[in-house]
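Residues per chain are reported as follows:
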Amino acid sequence: MLKNTKLQFGLITKSFHWLSAITIFGLFALGYWMVDLDYYSQWYQTAPHWHESIGILLLIVTITRLVWRTFNIKPTALETHSIMVQRSSTIAHIILYFMLFLMMFSGYLIPTADDRVIAVFTWFDLPSLGELFTNQEDVAGVIHKYGAYSIITISILHALAALKHHFIDKDATLMRMIK
Amino acid sequence: MKKTLFSVALIASSFLSTANAADYTVDTSGAHASINFKIQHIGFSWLTGRFNKFDGSFSYDENNIEASKIVINIDTTSIDSNHAKRDKHIRTDDFLDTNKFATAKFVSTKVEDKGNGALSITGDLTLHGVTKSLVLDANKVGEGKDPWGGYRIGFSATTKITMKDFGIDSNFGDISFDLQIEGIRK
């Protein structure tokens, strides 16, 4: 079952979800580690190159994901979910998507601030939009840093909420995204 | 008002005491001045960069060179090594820590006449919150009336600093500075 139904998430939606989850936490760990690398570390050039490449690929995946989401039916909320739960989870999901784009765009603006391209592995070069505002690399850097801590915090809350549904409410919320 | 009168008096008195000396503003608005640096890249090549924003003024008297004075203020956030990611890194607390130390300053304390337009300018450089004395080896390039009704004089100067001396732990070797300073007479 590739597509969503009224009752279930399809395989494609689930793949997008879990691939993004792993990538987001992976990028966070990689980014957290790489900013303190010593200049003479053999990873000093490679780690940021991979971080940027994977980030751009995630951007492409996320845009595709939103297109898929738009043209696919959404499983209806579980009847046991209160209006409050439904509304707050919708808001949380919107914030997560917003943060994702904020992270990917601010990340893109750092190395491209001086017209340099982002080389996505050896596959293709993503061109720069030039310097869009002054001190771009610093301002984008600050947004990227605090954005990273925010998105990870919200992701953890999102995961805790799923676990709460599974273990405390004993409903199908989490299982719908797994099975 | 009192403050204004006081500063007018102060300026007047400084004019009186250095009546023969001419005061110059460093021509940063026309960008006929630059603060350039170079540092070795892992011993393989020279990496060059500059500070894009600074201002300064100096006094110079051909007949009394040793009475000359110069002050240069540098906006450390304006570092430019032609690479945004590297400049971002240099501005962090690994190097310049520009959030805390947004300005650097050079104030001359002694000027020696070495003859033939050569000067040895001793002064205090405040960088990264640390003040150290250093010597600029300067040479007068030229002076005279410009085509637009002003009077200009230009110097070229070099010096060298060690990062550790200014409390910067990252050690990538000495930094050589190359200053081009053109002044317009006030």
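Heads up: the structure comes first, above all this text.
Definitions and limits used
Along each chain, numbering runs from 1 in the same order as the chain's sequence is written. Note on labels: chains are lettered from A, ligands numbered from 1, in written order. Restriction of local features to residues with pLDDT of at least 70 applies here, the model being predicted, together with a cutoff of 80 or more for giving and counting side-chain atom pairs; totals for whole chains, interfaces and linings are based on all residues. Processing note: side-chain calculations cover all non-hydrogen atoms of the structure and skip hydrogens and water entirely. Helix and strand definitions here come from DSSP, where helices need a minimum of 4 consecutive H or I residues and strands a minimum of 2 consecutive E residues; each element is numbered from the N-terminal end. Residue burial is assigned from relative accessible area. The probe radius is 1.4 Å, only protein chains are included, and a residue is buried under 20% of its type maximum, exposed over 50%, and partly exposed in between. In what follows, a contact means two residues having at least one pair of non-hydrogen atoms within 4.5 Å. Only the protein chains shown count as covering a residue, and every accessible area follows the Shrake-Rupley method with a 1.4 Å probe. When charges are counted, neither His nor the chain ends are considered; positive counts come from Lys and Arg and negative counts from Asp and Glu. Throughout, a charge is located at the NZ atom of Lys, the CZ atom of Arg, the CG atom of Asp or the CD atom of Glu. Each C-beta atom gives one direction from the helix axis, and the arc is the one those directions make. Here an axis means a line fitted to C-alpha atoms, over the contact stretch when the element is a helix, while the angle between two N-to-C directions is reported on a 0 to 180 degree scale. Our angle categories are set so that under 35 degrees counts as roughly parallel, over 145 as roughly antiparallel, 65 to 115 as roughly perpendicular, and the remainder as oblique. By the definition used in this description, the sense in which the near helix is turned from the far one sets the handedness, with an anticlockwise turn below a right angle giving left-handed and a clockwise turn giving right-handed. Accessible-area loss on putting two parts together, using a 1.4 Å probe and summing over both, is the definition of buried area adopted here. Within this document, salt bridges are pairs made up of a side-chain nitrogen of Lys or Arg and a carboxyl oxygen of Asp or Glu, the two lying within 4 Å of each other. Whenever a nitrogen or oxygen atom comes within 3.5 Å of another N or O atom, the pair is scored as a polar contact, on the condition that within protein one atom can donate a hydrogen and the other can accept it, and that pairs from neighbouring residues in sequence are kept only if both atoms are in side chains.

(A) Just the overall build of chain A, in detail. Helix and strand counts for chain A stand at five helices and two strands. Written out in order from the N terminus, the α and β elements of chain A read α-α-α-β-β-α-α. Principal-axis analysis of the C-alpha atoms places the extent of chain A at approximately 55 × 30 × 30 Å. When the 179 residues of chain A are sorted by exposure, 35% land in the buried category. Contacts in chain A between residues far apart in sequence, at least 24 positions, make up 68% of those at least 6 positions apart. Summing over all exposed atoms, chain A offers an accessible surface of approximately 11200 Å²; the carbon and sulfur share of this is 71%. Across chain A, 13 positive and 12 negative side-chain charges occur, with their mean positions spaced 22 Å apart.

(B) Structural context of helix H2 (residues 84–91) of chain B. Looking at H2(B), one finds that the buried residues are B:Ala84, B:Asp87, B:Ile90 and B:Arg91. All buried residues of H2(B) project into a common sector of 120° when viewed along the axis, lining one side. Each element contacted by the buried residues of H2(B) is listed here: helix H4 (136–167) of chain A together with strand E6 (79–80) of chain B.

(C) Region of interest: the packing of helix H1 (residues 11–34) of chain A against H4(A). All names here are of chain A. Two elements in contact, H1 and H4, have axes separated by 11 Å at closest approach and are oriented at 140°. Classified by the angle their axes make, H1 and H4 are oblique. By crossing handedness, the relation of H1 to H4 is classed as left-handed. Residues His17, Ile24, Phe25, Phe28 and Tyr32 of H1 form the contact with H4, whose participating residues are Ala148, Tyr149, Ile152, Ser155, Ile156 and His158.

(D) How the structure looks around the interface of chain A and chain B. Taken together, the 13 residues of chain A in the interface contact eleven residues of chain B. With both sides pooled, the region where chain A packs onto chain B buries about 1000 Å², and carbon together with sulfur makes up 54% of that total. At the surface where chain A touches chain B, the tally comes to three salt bridges. In this structure, the salt-bridge partner of B:Arg91 is A:Glu137, at a minimum N-O distance of 2.7 Å.

(E) Fine view of the environment of B:His128. Residues and elements named next belong to chain B. Tracing the backbone through its elements, the reader meets His128 in the loop between strand E8 (118–127) and strand E9 (130–145). His128 sits in the buried class, given a relative accessible area of 14%. Dropping the residues within four chain positions of it, His128 is found in contact with Phe95, Leu96, Asp97, Phe101, Phe166, Gly167 and Ile168. A polar contact is formed between the side chain of His128 and the backbone oxygen of Phe95, at a distance of 3.4 Å. Engagement of the side chain of His128 in a polar contact is seen with the backbone oxygen of Phe166, the distance being 2.9 Å.

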